[in-house]
Amino acid sequence: MKQNILITKVEKSKVENIDFNNIPLGTTFTDHMFICDYEHGQWTNPRIEPLAFIPTHPAAMALHYGQAIFEGMKATVDANGNPMLFRANKNAARLNFSADRMGMPHFPEDLFVVGLKQLVDLERSWIPPTDGSALYLRPFMYADEPFIGMRAATHYKFIIMASPAGPFFSKRIKLWAEKQYIRAANGGTGEAKAAGNYAAAIRPTELAKAKGYDQVLWLDAVEHKYIQEVGTMNIFFKIDGKFITPKRDGSILDGITRMSVIDILKDKGYEVIERAITIDEVIEASKNNTLEEAFGTGTAVGIAYIQNIGLEGETIHVSDESPVGLEVNNTLNDIKTGRVEDTFNWMTKVKKELV
Ligand SMILES: Cc1ncc(COP(=O)(O)O)c(C=O)c1O
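Keep in mind the model is a prediction, meaning the values are calculated, not measured. (Residues numbered from 1 in each chain as written. Predicted model: local features only at pLDDT ≥ 70, side-chain atom pairs only at ≥ 80, totals over all residues. Heavy atoms only, no water.)

> Sorry, what's going on with the side chain of E229 here?
Here E229 is to be found in strand β11 (residues 227–230). Only 2.8 Å separates the side chain of E229 from the side chain of R183, close enough to count as a polar contact. The residues touching E229, leaving out its near neighbours within four places in the chain, are R183, V216, L217, W218, N234, I235, S251, I252 and L253. (Helix = DSSP H or I, 4+ residues; strand = E, 2+ residues; numbered from the N terminus. Polar contact = N/O pair within 3.5 Å; in protein donor to acceptor, adjacent residues only side chain to side chain. Contact = heavy atoms within 4.5 Å.)

Set out below in structure tokens:
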């Protein structure tokens, strides 16, 4: 599909004010955003314009009924400063999976990728050059029709904004296995990247942090024993030489890092099993010394090495080192920065077209 994206540039970029060695987390945004409107049953007027407040009617349906979904991904640069995207088509497909679950319209996947590329091309000077840094990209869609009443909205906005993110130093994390609150139940919205899932996780996460933990380890909604995922990450355990990760059962997010880590582990010769795993099995493995390492996987941090898991009455010591996790993280970063050949064919180069 040929897309005509109208581009209106800022008069003066703010990039010169940014200290790339000290980027405040999540509060710095680039000069422009990609934006597109849904009305009369179709997406119209794709454009890139200066990032600005968007006038919103107080009855905009996303504010009341929560039709809001998002994606998260990163643009990185190779040694020559050429921007690249990691598996952008997977994010485009996942957005539409979320849209289906939330009764929202699909966004054309080719326009998603073209919009991303054009925005990254325009904002290429915002991609931090330091190793481990990236330009975080946040595509999202929400219902902006003013209407009081429970039905699917007829007007939506799709926007992509970008925020430079400094190098992330993975410290070992401590998880709280949550048995009171749940994140997702069968038939719910857990597999969608819906804003409401995150709203429901905020209070339990605050409580876990107050107890000295970094993130919540979510358990199933019925028996509170099957492991689902962690905060904004999927999870892998290495037990007795094999990797186990909870299988997709409709309640965990289909993480793009998860699917990539499965491929990388298999490529390195490890056996990876996608199956249900209980917290009791992890406790048992820790007690009989077969729990070798565990890590979370997600776009924001790549791989987060897990040190401990706390739950009522006990603490599971996982490991003090994660040699395979570290190796996989290095491989992922090497692919994302073009230091090794992209044998999986995951990267898309962003050509210099606009500026
Ligand atoms: C709930 C949840 N699980 C897992 C992930 C990891 O997904 P990805 O690897 O695509 O970033 C995320 C992050 O998007 C998340 O929010």
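> What is the right way to look at the domain arrangement of the protein chain in this model?
Split into domains, the protein chain comes out as domain 1 (6–167) and domain 2 (173–336). For domain 1 and domain 2, the distance between their C-alpha centres works out to 27 Å. On the side of domain 2, 21 residues touch domain 1, which itself brings 19 residues to the contact. When domain 1 packs against domain 2, close to 1700 Å² is buried across both sides, 64% of that on carbon and sulfur atoms. For the domain 1 face of the interface with domain 2, the top three residues by lost area are F70, F86 and R94, together amounting to 36%. Taken together, the elements giving at least two residues each to the side of domain 1 that touches domain 2 come down to β4 (68–70), β5 (73–77), β6 (83–86) and α2 (88–101). Counting residues per element, the side of domain 1 that touches domain 2 draws most heavily on α2, which supplies six residues. The residue makeup of the side of domain 1 that touches domain 2, split by class, is nine nonpolar, four polar and six charged. (Domains from an automatic or database assignment. Buried area = accessible area lost by both parts, 1.4 Å probe. Nonpolar A, V, L, I, M, F, W, Y, C, P; charged D, E, K, R; others polar.)

> Help me understand the packing of aromatic side chains in this model?
For any pair of aromatic rings, the description consists of the separation of the ring centres together with the inter-plane angle of the planes. With the rule as written, the count across this model stands at 15 aromatic pairs. Aromatic pair F243 and F295: ring centres 5.8 Å apart, planes at 45°, arrangement tilted. Here F243, found in strand β13 (residues 242–245), pairs with F295, found in strand β15 (residues 291–298); they are 52 residues apart in sequence, far enough to count as distant. This pair shows no difference in class: F243 is buried, exactly as F295 is. Counting every residue linked through ring pairs, the aromatic cluster contains F34, Y38, W43, F107, F112, Y156 and F158. The ring of W176 has K211 lying over it, and the distance from NZ or CZ to the ring centre is 4.5 Å. The lysine or arginine in question, K336, covers the ring of F86, its NZ or CZ lying 4.6 Å from the ring centre. (Phe/Tyr/Trp six-rings, centres within 6.5 Å; stacked < 30°, edge-to-face > 60°. Buried < 20%, exposed > 50% of the residue type's maximum accessible area, 1.4 Å probe, protein only. Lys NZ or Arg CZ within 6 Å of the ring centre and 35° of its normal.)

> Teacher, can you tell me more about helix α7 (residues 323–336) here?
Side chains that are three or four residues apart share a direction in an α-helix, a result of its 3.6 residues per turn. With 14 residues, α7 extends 20 Å between its outermost C-alpha atoms, agreeing within 8% with the 20 Å of an ideal straight helix rising 1.5 Å per residue. Those residues of α7 that fall on the buried side of the exposure criterion are V324, G325, V328, N329, T331, L332, I335 and K336. Projected onto a plane normal to the axis of α7, the buried residues spread over an arc of 160° and lie on a single side. (Expected span 1.5 Å × (residues − 1). Arc of directions from axis to C-beta.)

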